[in-house]
Amino acid sequence: MKDTSIHYRSVTVDGLKLFYREAGPEKAPVLLLLHGYPTSSHMFRNLIPQLSEKYHVIAPDLPGFGNSSAPDHKEFNYTFDNLAEVMQGFIDQLTLDRFAIYIFDYGAPVGLRLAVANPDKITGIISQNGNAYEEGLSKEWDPIQRYWKDPSQANRDALKDFVSKEATWFQYHQGVSDPSLIAPEAYLLDQQLLDRPGNIEIQLDLVKDYRSNVAMYPDFHKYFRKYQPKLLLVWGDKDPYFLPAGAEAYKKDLPNADLKFFDTGHFALETHAKEIGSNILLFMGTLPK
């Protein structure tokens, strides 16, 4: 029986402790898993054992999330450029020379920045509700886009419910046909971390900076067209934030992308980890070494 033990490690990058989960054969092809808001590498707890029988899986927590450092927003500039810079330090420190990347939610703009900066390192991309096209943005983004256009204190304060327990519960449950599949410890853990002193300001800074991701969409599309990375899309089609049109839009630049829709919401791994894992294993088998 193969060893699929998950190891819990950390490294220091630019003075920040970065926690990560690691499993699988050391010499196997690498798959880097990047989580989204408001979760952490904990979201991959059911996926890693499936993938680590054949692949070397690494799942870090971004700064401000999970078990990684979360300095005060006055001490660290929480932008997606900075998150990507820290993760560049992470992949450099772990000497990840070739790897596939799984991007989800906030992990998408971070991961795609890494891909643009390291095109020769990327063997393939798996996007699970990881948006890169304006077609994918739902009306749930309207209050956030108002804040982008007018970053006043009033508009910032209006978004504080974004980090509430009700909003976290909504993200996990909206669009899910069988709520009994949602493990309560997942969203309760996320909420406990969101409720840490000062964390609301961290999250509102990232919400404000999300506009930089939309501004970078053309750069991501240019990367897709030039390098034609192999792409698997595994998308919860009832996601209230990132619409199915956002998944379909990838095919404008990557016509050979493999697109799979699942009858679920934003956190598709909570309800369809086995099915998504099976698709990833098939996809990984087609990638260059």
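Treat the numbers as computed from the prediction; the structure is a model and nothing was measured.

This brings us to the layout of surface pockets. There is about 350 Å³ of room inside the largest pocket. Along the wall of the largest pocket there are 21 residues; nearest its centre are A28, P29, V30, R98 and F99. If you list the elements that add at least two residues to the lining of the largest pocket, you get strand 4 (56-60) and strand 5 (99-103). For the lining of the largest pocket, a count of residues per class yields 12 nonpolar, three polar and six charged. The space that makes up the second largest pocket amounts to roughly 190 Å³. Together, E140, P143, I144, A158, L159, D161, F162, S164, A167, F170 and Y241 line the second largest pocket.

What follows deals with empty space enclosed by the protein. Taken as a whole, this structure holds two cavities of 30 Å³ or more when the rule is applied. The calculated volume of the largest cavity comes to roughly 70 Å³. Residue classes in the lining of the largest cavity are distributed as eight nonpolar, two polar and one charged. If you add up the space inside the second largest cavity, you get close to 40 Å³. As for the second largest cavity, its lining consists of P38, T39, G64, F65, G66, D190, L193, L194, R196, N199 and Q203. Taken together, the elements giving at least two residues each to the lining of the second largest cavity come down to helix 7 (184-194) and helix 8 (199-227).

So, on to the packing of helix 2 (residues 80-93) against helix 8. Look at helix 2 against helix 8: their axes get within 8 Å of each other, and the N-to-C directions meet at 80°. When the axes of helix 2 and helix 8 are compared, the pair comes out roughly perpendicular. Note on element contacts: helix 8 touches helix 2 through L206, D209, Y210, S212, N213 and M216, opposite F80, D81 and L83. Tallied by class, residues from the contact of helix 2 with helix 8 come to five nonpolar, two polar and two charged.

In this structure the tally under the stated criterion is 13 salt bridges. With its nearest N and O atoms 2.8 Å apart, the salt bridge here joins R113 to D81. In this pair, R113 sits in helix 3 (residues 107-117) while D81 sits in helix 2, placing the two residues 32 residues apart along the sequence. Residue E201 pairs with R156 through a salt bridge whose shortest N-O separation is 2.8 Å. Placement of E201 in helix 8 and of R156 in helix 5 (residues 153-157) is noted, with a sequence separation of 45 residues between them. By relative accessible area, which is 23% here, E201 ends up partly exposed. Judged by relative accessible area, which is 8%, R156 ranks as buried. Connected through salt bridges with shared partners, the residues R156, E201 and D205 form a single ionic network.

Thresholds, definitions, all that
- Residues numbered from 1 in each chain as written.
- Predicted model: local features only at pLDDT ≥ 70, side-chain atom pairs only at ≥ 80, totals over all residues.
- Heavy atoms only, no water.
- 1 Å grid on protein atoms, 1.4 Å probe; cavity = no way out; pocket = protein on both sides within 12 Å on 5 of 7 lines; lining within 4 Å.
- Points joined across faces, edges and corners; volume = space filled by probe spheres on them.
- Helix = DSSP H or I, 4+ residues; strand = E, 2+ residues; numbered from the N terminus.
- Nonpolar A, V, L, I, M, F, W, Y, C, P; charged D, E, K, R; others polar.
- Axes fitted to C-alpha atoms, helices over the stretch in contact; angles between N-to-C directions.
- Parallel < 35°, antiparallel > 145°, perpendicular 65-115°, else oblique.
- Contact = heavy atoms within 4.5 Å.
- Salt bridge = Lys/Arg side-chain N within 4 Å of Asp/Glu carboxyl O.
- Buried < 20%, exposed > 50% of the residue type's maximum accessible area, 1.4 Å probe, protein only.

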